[in-house]
Amino acid sequence: MLILVVNCGSSSAKYDLFDVEKEASLCRGSVERIGEEGSSLTHESGENGKIHRDLSCPDHHRAIEIIRDMITDPEKGVLKDVSEVTGVGHRVVHGGEKFNTSTLINAEVIDTIERFVELAPLHNPPSLEGIRGCMKIFSGVPQVAVFDTAFHQSMPDHAFTYGIPYELYEKYRIRKYGFHGTSHRYVARKAAEELGRDPGEVNLITVHLGNGCSIAAVQKGKSVDTSMGFTPLEGLLMGTRSGDLDPALVTFLMQREDLSAEEVNDLMNKKSGLLGLSGISNDMRDILGAIDEGNARAELAYDVFVYRIKKYIGSYAAVLGRVDAVVLTAGIGENVPRIKEQLERELNPMFGGSTRFMSIGTNEELLIAKDTYKIVNSE
Ligand code: AMP
């Protein structure tokens, strides 16, 4: 059974076509710079290697058409006919408090995702465009939404509630939601497999270290706390995001630097983190290179990055009581062994040597494909 996974961002549409029974990706690619000058398509398949094409792509609807035409291309495609696609799985960032699991898309689900645009103004609109485009272009094919927030809906209220007037929660649903849920769920399951244990009996701390970073306390297969919050800004230091800071800094910067609300938001989301501290780059490879050349600010950025992970692991160990494994994943988690080694060295005395430190490759697209397969098959 072939499942197409679609992940629409503000100016991109990524896709990955899976043979789910074989857990194999047949082809993947992305349309970039949608709605801008210089749009392009990159497509990669085992048979035909990598293709890059410059083209015009004014919106996400057109991007989905380009994807359909590419995967069914008589020369470079992998399908004879579009009807071979039996389901489309969509990554949707925000499912609010409504969705605690992946869901078959119908008109009501679309309305609800639309309502959550207020909570994720940058992320949910392109997902909706992708969904609407696929419903037209893959008409009659079941569509499934897989939410970044869903895995963390199991958090108890004392973990997701902020210490501000409760009426604001009631009015705006201001609370911690958490993100990267598909990645945390995927590696938690893989880690349990690697430990030879049932996912429902292990306690894990999963650490997603990509350009965005978050950490989750996973108790017996369920997320009970996570570092990202109402938005993805909270928590760990990230490529360009500050993570945790004193909220009073917002008004201080507005007053002293004469910044608007939007400018402060921009500063904390796009100019902070590894980039802001090092003054060099948001990319960990560049930070490591600069450290090797003796750059003190790069070293400080790295130290803040690792220290904060260590502090969160300590607090989640307190939440969980017993920790069977700490699992690092994503670009940095999978490729920078020195972080795992440092955490293991420094935290082992606290854990008494009973906790495994592991690095596991994440595969959110595969999990989206598997969820979609399950839901399409049960219909
Ligand atoms: P992701 O968002 O999962 O693609 O991760 C992006 C982050 O992973 C960036 O900070 C990259 O610098 C980092 N990364 C990817 N590959 C490597 C590598 N081989 N060594 C160090 N960092 C890496």
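The text that follows walks through the structure, step by step, so that each part is easy to find. These figures come from a predicted structure and were not determined experimentally.

### Overview of the overall build of the chain
Thinking step 1. A tally of helices and strands in the chain yields 14 helices and 13 strands.
Thinking step 2. Taken against the 2.2 N^0.38 rule, which gives 21 Å for 379 residues, the C-alpha radius of gyration of the chain at 21 Å falls within 12% of a compact globule.
Thinking step 3. C-alpha extents for the chain along the principal axes are approximately 60 × 55 × 50 Å.
Thinking step 4. Counting all 379 residues of the chain, 50% fall into the buried class.
Thinking step 5. Of all intrachain contacts in the chain linking residues separated by at least 6 positions in sequence, the fraction that spans at least 24 positions is 63%.
Thinking step 6. About 17700 Å² of surface is accessible on the chain, with carbon and sulfur atoms providing 48% of the total.

### Examining the sheet that holds strand β10 (residues 213-219)
Thinking step 1. Reading across from one edge, β11-β10-β9-β12-β13 is the order of the five strands in this open sheet, with mixed pairing throughout. Two strands lie at the open edges of the sheet, namely β11 (222-226) and β13 (356-359), each paired on one side alone. Geometrically, the sheet is characterised by an average inter-axis angle of 25° between neighbouring strands, direction not taken into account.
Thinking step 2. Strand direction decides the pairing type here: strand β9 (residues 203-209) and β10, joined by seven bridges, are antiparallel. Of the residues in β10, the one forming a bridge with Leu 204 is Val 218.
Thinking step 3. Packed onto the sheet, helix α6 (residues 181-195) meets β9, β10, β12 (325-329) and β13 and runs at close to 130° relative to β9.

### As for the site of the ligand
Thinking step 1. For the ligand, the full set of nearby residues is Gly 210, Asn 211, Asn 282, Asp 283, Met 284, Arg 285, Ala 330, Gly 331, Ile 332, Asn 335 and Val 336.
Thinking step 2. Taking Arg 285, its main chain carries an N or O atom lying 3.3 Å from an oxygen atom of the ligand.
Thinking step 3. Out of a free accessible area of 500 Å², the ligand has 68% covered by protein chains.
Thinking step 4. Every element with two or more residues in the shell around the ligand is listed here: α10 (284-292) and α12 (330-335).
Thinking step 5. In terms of residues, the shell around the ligand owes the most to one element, α12, which gives four residues.

### Observations regarding helix α11 (residues 296-320)
Thinking step 1. Between its first and last C-alpha atoms α11 spans 36 Å; for 25 residues at 1.5 Å apiece the expected length is 36 Å, and the two agree.
Thinking step 2. Those residues of α11 not exposed but buried are Ala 298, Ala 301, Tyr 302, Phe 305, Val 306, Arg 308, Ile 309, Tyr 312, Ile 313, Tyr 316, Ala 317 and Leu 320.
Thinking step 3. Taken from the residues just after α11, Gly 321 is the one with a positive phi, measuring 85°.

### Here's the deal with the packing of aromatic side chains
Thinking step 1. Scanning all chains against the criterion turns up six aromatic pairs.
Thinking step 2. When the centroid spacing of 6.3 Å and the interplanar angle of 40° are considered together, the rings of Tyr 177 and Phe 230 count as tilted. Pair noted here: Tyr 177 is in the loop between α5 (166-172) and α6 and Phe 230 is in the loop between β11 and α7 (248-256), with a separation of 53 residues, a long-range link.
Thinking step 3. What makes Phe 230 partly exposed here is its relative accessible area of 24%.
Thinking step 4. By the ring-pair criterion, three or more aromatic residues cluster together here, those being Phe 160, Tyr 166 and Tyr 169.
Thinking step 5. Above the face of the Tyr 177 ring, Arg 175 is positioned so that its terminal group lies 4.8 Å from the ring centre.
Thinking step 6. Above the plane of the ring of Tyr 302 lies Arg 338, whose end atom (NZ or CZ) is 5.9 Å from the centre.

### Observations concerning a negative patch on the surface
Thinking step 1. A grouping of Glu 257, Asp 258, Glu 262 and Glu 263 is seen on the molecular surface, where their side chains present a negatively charged patch.
Thinking step 2. Within the secondary structure, Asp 258 is located in the loop between α7 and α8 (261-270).

### As for the environment of Leu 233
Thinking step 1. Of note, Leu 233 is situated in the loop between β11 and α7.
Thinking step 2. Spatially, the C-alpha atoms of Leu 233 and Cys 213 are 9.4 Å apart, while their sequence positions differ by 20 residues.
Thinking step 3. Once residues within four sequence positions are removed from consideration, Leu 233 is found in contact with Met 238, Arg 241, Ser 242, Gly 243, Asp 244, Met 268 and Asn 269.

### Comments concerning the environment of Asp 324
Thinking step 1. By the secondary structure assignment, Asp 324 is in the loop between α11 and β12.
Thinking step 2. Of the residues examined, Asp 324 reaches a relative accessible area of 11% and is grouped as buried.
Thinking step 3. Along the backbone, Asp 324 and Thr 355 are 31 residues apart, and their C-alpha atoms lie at a distance of 4.9 Å.
Thinking step 4. Each residue touching Asp 324, except ones within four places of it in the same chain, is listed here: Leu 195, Arg 197, Glu 201, Val 202, Asn 203, Ser 354, Thr 355 and Arg 356.
Thinking step 5. A distance of 2.8 Å separates polar atoms of two side chains, one belonging to Asp 324 and the other to Arg 322.

### A few points about the side chain of Ser 127
Thinking step 1. Note that Ser 127 resides in helix α3 (residues 124-137).
Thinking step 2. A distance of 3.5 Å separates a polar atom in the side chain of Ser 127 from the backbone oxygen of Arg 91.
Thinking step 3. Sequence-distant contacts of Ser 127, defined by excluding residues within four places in its chain, comprise Cys 8, Arg 91, Val 92 and Val 93.

Rules of the game
- Residues numbered from 1 in each chain as written.
- Predicted model: local features only at pLDDT ≥ 70, side-chain atom pairs only at ≥ 80, totals over all residues.
- Heavy atoms only, no water.
- Helix = DSSP H or I, 4+ residues; strand = E, 2+ residues; numbered from the N terminus.
- Rg over C-alpha atoms; globule rule 2.2 N^0.38 Å.
- Buried < 20%, exposed > 50% of the residue type's maximum accessible area, 1.4 Å probe, protein only.
- Contact = heavy atoms within 4.5 Å.
- Areas by Shrake-Rupley, 256 points an atom, 1.4 Å probe, with all protein chains shown as cover.
- Pairing = 2+ DSSP bridges.
- Axes fitted to C-alpha atoms, helices over the stretch in contact; angles between N-to-C directions.
- Near = heavy atom within 4 Å.
- Polar contact = N/O pair within 3.5 Å; in protein donor to acceptor, adjacent residues only side chain to side chain.
- Expected span 1.5 Å × (residues − 1).
- Phe/Tyr/Trp six-rings, centres within 6.5 Å; stacked < 30°, edge-to-face > 60°.
- Lys NZ or Arg CZ within 6 Å of the ring centre and 35° of its normal.
- Patch = residues over 30% accessible without salt bridge, like charges linked within 9 Å, V, L, I, M, F, W, Y side chains within 5 Å.
- Salt bridge = Lys/Arg side-chain N within 4 Å of Asp/Glu carboxyl O.
- Lys, Arg positive; Asp, Glu negative; His and termini not counted.
- Charge placed at Lys NZ, Arg CZ, Asp CG, Glu CD.

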